[in-house]
Amino acid sequence: MKEYKIGLLKGDGIGPEIVESAVRVLEAVGKKRNIGFTFTPYLIGGAAIDECGKPLPEETVEGCLNSDSVLLGAVGGPKWDTLPGHLRPEKALLGIRAAMGLFTNLRPAKLYPALKGACPLREDIAQNGFDIMIVRELTGGIYFGERGYREGKYGEEAYDTESYSRMEIERIVRVAFETARKRRKKLTSIDKANVLETSRLWRKIVHEIAAEYPDVEVADMLVDNAAMQLVRNPSQFDVIVTSNMFGDILSDEASQITGSIGMLPSASLDSGKRGLYEPIHGSAPDIARQNKANPIATVLSAAMMLLYAFDEKEASEDIVSAVDKVLEAGYRTADLGESKYPLLGTKEMTDKIIENL
Ligand code: NAD
């Protein structure tokens, strides 16, 4: 039997409830597929501040680095909102991403047929459905470039700089081609090559690497056009690869057109197999400890972990198809709107997913 060590960062708000759901689903699928998991919780965010005075204790970093993979709930809440910047729970997210060397962010945006009604796009567009994987560069570009204030020609001035090295572009573009290869083999690289020098280097490297992946169809798209195409015809996209800032904005746009924030998982990957898996939503303090949170985004994050960290494709597909079945049967948590049946709580939705594994 294979054994995997999973670090659990439950965090704050609904974090502990949704991580608990994902653990139950992993244990159930592990039993079915003969996979063993050891789960070790570590403190992060507000919970860590309360316990030991800082949002990301060293034991947490060490524990994550010694795990085969890490599952995160969410951090933050009003209790810690007035603390100084370096003590804010959100600071822990940047810290753990940097410590684990996570340079790739995978953000799927899928419209579930059963949830078409929640899609804010026109009915004829929603009808086509969509299933997009955004591959975002996570540790370079303008968010990490030189910045500052200076005295300019017209007085006070601020600046941020974008730079990308060949190494940074090559490694993320390779991840994108590999991802496309496992899906519908279509890659759209998004840039602003009509204006930015970094985008021109990005585009050049995409086409160099494309020669190694003749089975993947590749196209370039300018970011302004991409922002329009995502709402005009999202079904044209399979895998998207883009820089840190463009990916930040486009992945939020893509998540909104699915209409259901409680459904969307994500993965942040290093150059090896470890990685950090987490729902895209926050800690939802308004519904914490009320058994109201939708656990699906976290459960699907666990399914991504099985696929990307452990190559356990069948177990991963078991979870994805169990979620599909539960939604098709008409079961819903409160955030997903209308339901044929009484709305399910976090625990009951988790039970239904486990029943359908
Ligand atoms: P949020 O995503 O926590 O909540 C936005 C809205 O969506 C709320 O009404 C919430 O109830 C609902 N929602 C979110 N997840 C849900 C789920 N699984 N099921 C049902 N409903 C759900 O965003 P926010 O309110 O802007 O932020 C709350 C806190 O979370 C803040 O402290 C913020 O800094 C933090 N946050 C953390 C992360 C993270 O840990 N990665 C990400 C975003 C925000």
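Thresholds applied
- Along each chain, numbering runs from 1 in the same order as the chain's sequence is written.
- At least 70 in pLDDT is required for a residue's local features to be given in this predicted model, at least 80 for side-chain atom pairs to be given and counted, and no such filter applies to totals for whole chains, interfaces and linings, which use all residues.
- Values reported for side chains reflect all heavy atoms of the structure, with hydrogen atoms and water molecules removed beforehand.
- Each pair of aromatic rings taken from Phe, Tyr and Trp, with Trp reduced to its six-membered ring, is defined by centres within 6.5 Å and is described as stacked if the planes are under 30 degrees apart, edge-to-face if over 60, and tilted in the remaining cases.
- The secondary structure listing takes helices from DSSP runs of H or I that are at least 4 residues long and strands from runs of E that are at least 2 residues long, numbered from the N terminus.
- Burial status follows relative accessibility: with a 1.4 Å probe on protein chains alone, a residue under 20% of its type maximum counts as buried, one over 50% as exposed, and anything between as partly exposed.
- Put simply, a charge is over a ring when the Lys NZ or the Arg CZ is close to the ring centre, within 6 Å, and near the line of the ring normal, within 35 degrees.
- Disulfides are defined in this document as cysteine sulfur pairs within 2.5 Å.
- Think of it this way: DSSP has to see at least two bridges between two strands before they count as a pair.
- Here the arc refers to the set of directions running from the helix axis out to each C-beta atom.
- We define a nonpolar core as any set of buried Ala, Val, Leu, Ile, Met, Phe, Trp, Tyr and Cys residues linked to one another through side-chain atoms lying within 4.5 Å.
- Of the two site types, the cavity is a set of points on a 1 Å grid over the protein atoms alone where a 1.4 Å probe fits but cannot get out, and the pocket is an open set with protein on both sides within 12 Å along at least five of seven lines, each lined by residues with an atom within 4 Å of a point.
- Grid points are joined across faces, edges and corners, and a volume is the space filled by probe spheres set on the points.
- Only Asp, Glu, Lys and Arg are considered charged in this grouping, and only Ala, Val, Leu, Ile, Met, Phe, Trp, Tyr, Cys and Pro are considered nonpolar; every other residue, Gly among them, is considered polar.
- Axis definition: a line fitted to C-alpha atoms, limited for helices to the stretch in contact. Angles are taken between N-to-C directions and run from 0 to 180 degrees.
- Between two residues, a contact is recorded if the distance between any of their heavy atoms is within 4.5 Å.

Scanning the model with the defined rule gives six aromatic pairs in all. For the ring pair phenylalanine 177 and tyrosine 213, a centre distance of 4.8 Å and an interplane angle of 15° mean the geometry is stacked. Of this pair, phenylalanine 177 sits in helix 6 (residues 166–181) while tyrosine 213 sits in the loop between helix 7 (197–210) and strand 9 (217–222); the two residues are 36 residues apart in sequence, bridging distant segments of the chain. With relative accessibility at 0%, the residue phenylalanine 177 sits in the buried group. Relative to tyrosine 341, the ring of tyrosine 331 lies with its centre 4.5 Å away and its plane at 20°, an arrangement referred to as stacked. Linking tyrosine 331 in the loop between helix 11 (313–328) and helix 12 (346–355) with tyrosine 341 in the loop between helix 11 and helix 12, this pair joins segments that are 10 residues apart in sequence. The exposure class assigned to tyrosine 331 is buried, which follows from its relative accessible area of 19%. What links up through ring pairs into an aromatic cluster is the set Tyr4, Phe37, Phe39 and Phe310. Residue placement shows arginine 150 over the ring face of tyrosine 159; its charged tip is 4.0 Å from the ring centre. The ring of tyrosine 331 has lysine 352 lying over it, and the distance from NZ or CZ to the ring centre is 4.7 Å.

What follows is about the state of the cysteines. Counted according to the given criterion, the structure contains zero disulfides. Cysteine 64 forms no disulfide, and the closest cysteine sulfur to it belongs to cysteine 52, at a distance of 13 Å. Using a relative accessible area of 0% as the deciding quantity, one classes cysteine 64 as buried.

Along strand 10 (residues 239–242), one buried face is formed by Val239 and Val241 and the opposite face, lined by Ile240 and Thr242, is buried too. As defined by bridge partners, strand 5 (residues 131–137) adjoins strand 10 across four bridges and the pair is classed as parallel. Along strand 10, the bridge assignment pairs arginine 136 with threonine 242. As judged from the four bridges shared by strand 8 (residues 186–191) and strand 10, these two strands associate in the parallel manner. Following the sheet pairing, serine 189 is matched in strand 10 by valine 241.

Attention now goes to helix 3 (residues 58–65). The complete set of buried residues in helix 3 reads Thr60, Val61, Gly63 and Cys64. In a view along the axis of helix 3, the buried residues occupy a sector of 165°, so they form one face of it. Within helix 3, the exposed residues directed more than 90 degrees away from the buried face are Glu59 and Glu62.

So, about the nonpolar core. By size, the foremost hydrophobic cluster in this structure holds 62 residues, and its most contacted members are Ile6, Phe37, Tyr277 and Ile353. Leu111, Ile125, Phe130 and Ala226 belong to the second-largest nonpolar core, a separate cluster that totals 20 residues.

In this section: the layout of surface pockets. Considered as a void within the structure, the largest pocket measures approximately 910 Å³ in volume. In terms of lining residues, the largest pocket is bounded by 34 residues, among which Met133, Arg183, Met304, Leu307 and Tyr308 are the most central. Ranked by residues supplied to the lining of the largest pocket, first place goes to helix 10 (residues 296–308) with five residues. In terms of residue class, the lining of the largest pocket is built from 18 nonpolar, four polar and 12 charged. Looking at the second largest pocket, its volume works out to about 390 Å³. Leu93, Arg97, Arg107, Glu278 and Ile280 are the residues nearest the centre of the second largest pocket, which is lined by 21 residues in total. Elements that contribute at least two residues to the lining of the second largest pocket include exactly strand 3 (69–74), helix 4 (91–100), strand 4 (104–110), strand 11 (265–269) and strand 12 (275–279). Class assignment of the residues belonging to the lining of the second largest pocket gives a composition of nine nonpolar, six polar and six charged.

Across the sheet, 10 strands lie side by side as 2-1-3-12-11-4-5-10-8-9; this open sheet has mixed pairing. Edge positions in the sheet fall to strand 2 (35–41) and strand 9, since each of these pairs with one other strand and no more. Across the sheet, the mean angle from the axis of one strand to that of its neighbour is 25°, orientation sign disregarded. As paired strands, strand 3 and strand 12 are joined by two bridges and run parallel to one another. Within strand 12, the residue paired with leucine 71 across the bridge is tyrosine 277. Packing against the sheet, helix 6 makes contact with strand 4, strand 5, strand 8, strand 9 and strand 10, and its axis sits at approximately 165° to strand 5.

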